[in-house]
Amino acid sequence: MSTVTVAKKDFKAARRSKLLWAAAIVLGLIAAFVGYVSGNAPGPDAEQVRALFRVLTLILGILLPIVALVASYLAIAGEREGGGIKFLLSLPNTRRSVFVGKLLSRNGIVAGGVGFMYVAAISTALTRHGAFPAGVIFGTLLVTLAYGSAFVSVALAMSSAAASRSRAIAGAFGTYFVLVILYVFPVVSVGDIARWLHTTLLGADPNPDLYNAVQYTSPYLAYRKAVNLVLPADMRQIVFMSSLPDDISYGSADTNEVLPLYLQDEFSLVVLAFWLVVPLLIGYLLFERADLE
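What you see is a predicted model, and the numbers here were worked out from it, not measured in a lab. (Residues numbered from 1 in each chain as written. Predicted model: local features only at pLDDT ≥ 70, side-chain atom pairs only at ≥ 80, totals over all residues. Heavy atoms only, no water.)

Quick notes on the overall build of the protein chain
So the rule is basically this: Runs of H or I in DSSP of at least four residues are treated as helices and runs of E of at least two as strands, each being numbered from the N terminus. Computation of the radius of gyration draws on C-alpha atoms alone. For the globule rule, the value is 2.2 Å times the number of residues to the power 0.38. The cut-offs for exposure are 20% and 50% of the maximum accessible area for each residue type, with area from a 1.4 Å probe on protein chains only; residues under the lower value are buried, those over the upper are exposed, and the others partly exposed. What sets the accessible areas is the Shrake-Rupley method with a 1.4 Å probe; for residues, cover comes only from the shown protein chains.
Within the protein chain, the regular secondary structure consists of twelve helices and zero strands. Starting at the N terminus and ending at the C terminus, the protein chain contains elements arranged as α-α-α-α-α-α-α-α-α-α-α-α. The C-alpha atoms of the protein chain give 21 Å as radius of gyration, which agrees with the globular expectation for 293 residues (19 Å, within 12%). Taken over the C-alpha atoms alone, the protein chain extends approximately 65 × 60 × 30 Å along its principal axes. The proportion of buried residues among the 293 residues of the protein chain is 48%. As displayed, the protein chain has an accessible area near 14,100 Å², and 66% of this comes from carbon and sulfur atoms.

Now the structure itself:
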């Protein structure tokens, strides 16, 4: 059984999940609703469609990690607890082929959910506006797929390290809280923690760029910044306001350029690449060394 065969078998098994189908339907309904509501907004049709997909990225920034984690956190941990991993490895398979096959299938599931949402959004946009700004649509789609894949990588790494479902579930919840919730509902902001350590514990002068750099390690903020790369200047999100001079206004073309290199929109690609690659390497090493008996 090859890597592709493992991926096909796993994809067929995972797509029977009612929870994943429900998530895809919910995403599609959200896209259709946002597209319908956007039809009442003023302005040119193409501009309204761009604004529609900008709103969708804000929603996906919060919801897509949930879909990716739910789709992937039991990819290997579930097989280990249920004994299926022994069957997979009893055939002419290596651990690498199983690991890569699981990665391909879970990425395919998440990509299918995103694709379903985009089809719903595009259909509604064409019906309501008759406009198709391809650059924004396909640009946000590619960035969103990379964002979803980053969380698949994280979930698969945790699944490789977990010997039981309970540990995998705890890891998925913890990951979502640390990488997303702390940046959406900053009850205890990561930037505030960095500021406290820097100014109170170390007694140094405030440095907003340093605190924002610490926050930029989150794939959620990296996704928001990466979306700016495919949006018009007047629609881009200002994420690190505290690092901007007072004379820079919202939507200014100079907003990104005045930031340090490590806070600019382009650096988001480095952050997303880190979350795509590093968790996979760690997860694969853990899976290779795991005692599956």
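Having seen it, we continue.
Some remarks on helix 8 (residues 165-184)
Spacing of three or four residues puts side chains on the same side of an α-helix, whose turn is 3.6 residues. Rules: Here the expected span of a helix is defined as 1.5 Å times the quantity of residues minus one.
Here helix 8 contains 20 residues, and its C-alpha end-to-end distance of 27 Å stays within 8% of the 28 Å for a straight helix at 1.5 Å per residue. Restricting attention to buried positions, one finds in helix 8 the residues Ala168, Gly171, Ala172, Thr175, Tyr176, Leu179, Val180, Ile181, Leu182 and Tyr183.

Topic: the environment of alanine 163
What counts here: Residues are treated as being in contact if the distance between any of their heavy atoms lies within 4.5 Å.
Within the secondary structure, alanine 163 is located in the loop between helix 7 (134-161) and helix 8. We classify alanine 163 as partly exposed; its relative accessible area is 36%. Sequence separation of alanine 163 and leucine 269 is 106 residues, and the distance between their C-alpha atoms is 32 Å. If we skip the residues at most four places from it in the chain, alanine 163 touches Arg80 and Glu81.

Quick look at the packing of helix 2 (residues 18-37) against helix 3 (residues 45-72)
As a reminder of what qualifies: Axes here refer to lines fitted to C-alpha atoms; in helices the fit is confined to the stretch in contact. Angles between the N-to-C directions go from 0 to 180 degrees. Put simply, angles under 35 degrees are roughly parallel, angles over 145 are roughly antiparallel, angles from 65 to 115 are roughly perpendicular, and the rest are oblique. In this classification, Asp, Glu, Lys and Arg are treated as charged, Ala, Val, Leu, Ile, Met, Phe, Trp, Tyr, Cys and Pro as nonpolar, and every other residue, Gly included, as polar.
It is the contact of helix 2 with helix 3, at a shortest axis distance of 11 Å, that shows an interaxial angle of 175°. Considering their axes alone, helix 2 and helix 3 lie roughly antiparallel with respect to each other. Here Leu19, Leu20, Ala23, Leu27, Ile30, Ala31, Val34 and Gly35 of helix 2 come into contact with helix 3, specifically with Leu52, Val55, Leu56, Ile59, Leu60, Leu63, Val67, Val70 and Ala71. Among the residues making up the contact of helix 2 with helix 3, the classes are represented as 16 nonpolar, one polar and no charged.

Thoughts on a positive patch on the surface
To be explicit about the condition: The residues that make up patches have over 30% relative accessible area and no salt bridge, and they are joined within 9 Å when like-charged or within 5 Å when they are Val, Leu, Ile, Met, Phe, Trp or Tyr. When a carboxyl oxygen of Asp or Glu lies within 4 Å of a side-chain nitrogen of Lys or Arg, that pair is called a salt bridge. Within this scheme the basic residues Lys and Arg register as positive and the acidic residues Asp and Glu register as negative, but His and the chain ends are omitted. A charged residue contributes its charge at one atom only: NZ of Lys, CZ of Arg, CG of Asp or CD of Glu.
On the surface, a cluster of positive charge is contributed by Lys8, Lys9, Lys12, Arg15 and Arg16. Note on placement: lysine 9 falls in helix 1 (residues 3-14). Residue classification places lysine 9 among the partly exposed positions, given a relative accessible area of 41%.

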